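A structural walkthrough
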Amino acid sequence: MSLSEFFNMGGYAFHVWTSYGLSFVLMVMLVVLPMQHKKQLTRRIRKAIRRRTES
Amino acid sequence: MINNSLHAFTSIVRRDLKLAMRNRSEWTNPLFFFFLACSLFPLGIGPGRDTLELIAPGIIWVTALLAAMLSLESIFRSDFEDGNLEQLMLSPHPFTILVYAKVLVHWLVTGIPLMLLSPLLGLILHMPADGILLLMFSLLLGTPVLSLIGSIGAALTVGLKRGGMLLSLLILPLYIPILIFGTGAVDVGLGGLDASGHFLLMGAILIMALTLAPLAAAAALRVSI
Amino acid sequence: MWKYLLKLTSFKNFYQFSGKLLPWLGVITFILFVVGLYWSLVIAPIDYQQKDSYRILYVHVPAAWMSLFVYIVMATSGAIHLIWKTKLSEVIANNCAPIGAVFTFLALVTGAIWGQPTWGTWWVWDARLTSELILLFLYIGYMSLHSAIEDRASAARAAAILAIVGLVNIPIIHYSVDWWFTLHQSASISVSKGSSMHPSMYWPLFVMATAFKFYFATVLLMRTRNDILERDQNANWVQEQEKSL
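From a predicted model like this one, the values you see are computed outputs, not experimental measurements. (Residues numbered from 1 in each chain as written. Chains lettered and ligands numbered in written order. Predicted model: local features only at pLDDT ≥ 70, side-chain atom pairs only at ≥ 80, totals over all residues.)

In this section: the overall build of chain A. Looking only at helices and strands, chain A has 2 helices and 0 strands in total. A compact globule built from 55 residues should have a C-alpha radius of gyration of about 10 Å, whereas chain A, at 22 Å, is more than 25% larger. If one aligns the C-alpha atoms of chain A with their principal axes, the spans along those axes are about 70 × 20 × 10 Å. In chain A, buried positions account for 20% of the 55 residues. (Helix = DSSP H or I, 4+ residues; strand = E, 2+ residues; numbered from the N terminus. Rg over C-alpha atoms; globule rule 2.2 N^0.38 Å. Buried ≥ 20, exposed ≤ 12 C-beta atoms within 10 Å, placed from the backbone.)

Below, the discussion takes up the nonpolar core. The biggest cluster of nonpolar side chains holds 140 residues, and the ones touching the most others in it are Ile149 and Ala220 of chain B together with Ile161 and Leu162 of chain C. Here this core takes 15 residues from helix α4 (residues 87-119) of chain C, the largest share from any one element. What alanine 220 of chain B contacts, discounting residues up to four positions off in sequence, is Ile152, Ala155 and Leu156 of chain B together with Ala158 and Ile161 of chain C. (Core = buried A, V, L, I, M, F, W, Y, C linked by C-beta atoms within 7 Å. Contact = placed C-beta atoms within 7 Å.)

A separate point is the interface of chain C and chain B. Contact with chain C, which involves 15 residues of that partner, is made by 14 residues of chain B. Top element by residues in the side of chain C that touches chain B is helix α5 (residues 127-148) of chain C. It accounts for 8 residues. In the side of chain C that touches chain B, the residues fall into 10 nonpolar, 4 polar and 1 charged. (Nonpolar A, V, L, I, M, F, W, Y, C, P; charged D, E, K, R; others polar.)

Moving on: the interface of chain C and chain A. With 30 residues of chain C at the interface, the matching set in chain A holds 23 residues. In terms of residue count, α4 of chain C provides more of the side of chain C that touches chain A than any other element does, 9 residues in total. For the side of chain C that touches chain A, the residue count by class is 18 nonpolar, 6 polar and 6 charged.

Here it is in structure tokens:
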């Protein structure tokens with residue numbers, strides 16, 4: 001199907017794209033949040049290690 | 001040994017009943033709440049006979065459920081606070097049996113009075129007589145389940161200072177099936193069909209709760225103490 | 001093999017093992033989603049009655065399946081923690097909860113969005129939708145109970161008990177379409193009887209469902225590893241690994 005047909009989804013554009021869009025947003029968030037958390041944790045741990053080895 | 005545990009069971013039942021009788025508000029407050037909350041509906045919705053008659057089973061069941069839920073804290077909290085619960089846990093008797101005793105008293109003191117008061121509320125909500133009978137029977141089967149499942153939530157939250165709201169959050173989803181069948185039985189019976197299917201299902205839920213809920217509640221109490 | 005698995009449950013070993021596994025899981029998830037989405041949205045034919053709106057099925061059904069699957073994993077992990085007192089199972093169970101809640105929420109919302117043009121209503125209080133809503137409440141209750149209890153060990157055990165108690169809901173959700181007259185259609189896919197869906201619609205669903213499973217494994221591992229790091233941050237094996245955390 002053509003690109004415009006794809007976006008229109010047979011008239012059901014709102015329904016299909018809201019569903020897929022909401023799922024996409026929430027599921028990406030579920031991935032991104034742990035990644036950020038991991039960065040925070042490693043930064044904190046590295047700082048603690050450096051403080052310990054320096055003293 | 002079995003005789004001993006049976007004796008422990010009955011002595012806890014007797015003790016808790018005595019305590020409940022002495023602390024009159026403990027069992028009268030849920031009844032007042034039940035009556036008041038039910039009365040709010042005609043005041044809020046309008047006294048139209050037909051509407052009230054239609055939704056009366058639901059109103060009475062929901063407010064009975066809420067009244068039972070509000071009184072759940074009393075099962076374990078006072079014994080938790082004065083250390084009695086810990087002593088019961090350490091006793092040589094099976095803890096589950098002792099939990100049974102407390103749940104039984106809760107039902108006797110809360111569930112049965114609710115069931116006995118329900119005809120009056122059915123009357124003021126313009127329910128027909130056979131509907132009221134169905135309602136009482138559904139409450140007879142349903143209120144023990146409310147006490148049993150509720151005891152799990154009470155056990156999980158007994159150690160928390162302000163566990164009341166959390167208790168509701170945990171218990172209400174688990175109450176939904178019994179609510180649906182309880183009101184469904186009355187509605188089906190009033191519609192002229194046979195309600196025995198609903199009652200049998202409620203009986204099955206009751207048996208499942210009787211066998212499994214005290215185990216969960218005892219396990220939860222062990223965690224909380 | 002059992003000894004190897006048992007050794008794997010220590011925080012350190014699990015962290016290192018999962019660290020090697022995680023990139024592969026991530027890549028497989030990504031590929032499965034790319035393939036699955038293209039298949040679902042472009043290649044799969046339109047439905048005779050619902051035209052293109054049925055494509056919501058390809059996120060709705062996997063989300064719903066996962067909401068049940070994650071709960072079972074959570075309750076099983078909780079039971080393992082109660083019985084054998086392993087720390088890893090506690091961490092896994094806790095991290096299942098938010099993921100499962102998201103899946104349940106998505107199943108309910110995409111279902112409502114799909115139901116609106118198909119059935120003419122956003123919501124109906126039939127057995128399946130109601131029991132799925134109860135599942136969402138159970139997930140929320142799990143997380144609330146866990147955060148309300150201060151002592152971590154007690155919180156984990158109390159939440160595990162709650163999860164096990166809520167297990168009764170899972171068969172209710174699954175069989176609700178068989179036991180009651182529901183607006184929701186009855187199962188078209190079963191392990192024993194195959195599928196009543198046309199293969200051109202069934203295969204993209206299968207790919208998407210697998211993608212969701214791998215996604216769950218990926219996210220669960222990411223969150224579990226973070227919790228392990230946080231709990232063991234003062235342990236020797238963490239402190240010695242400044243570079244390769």
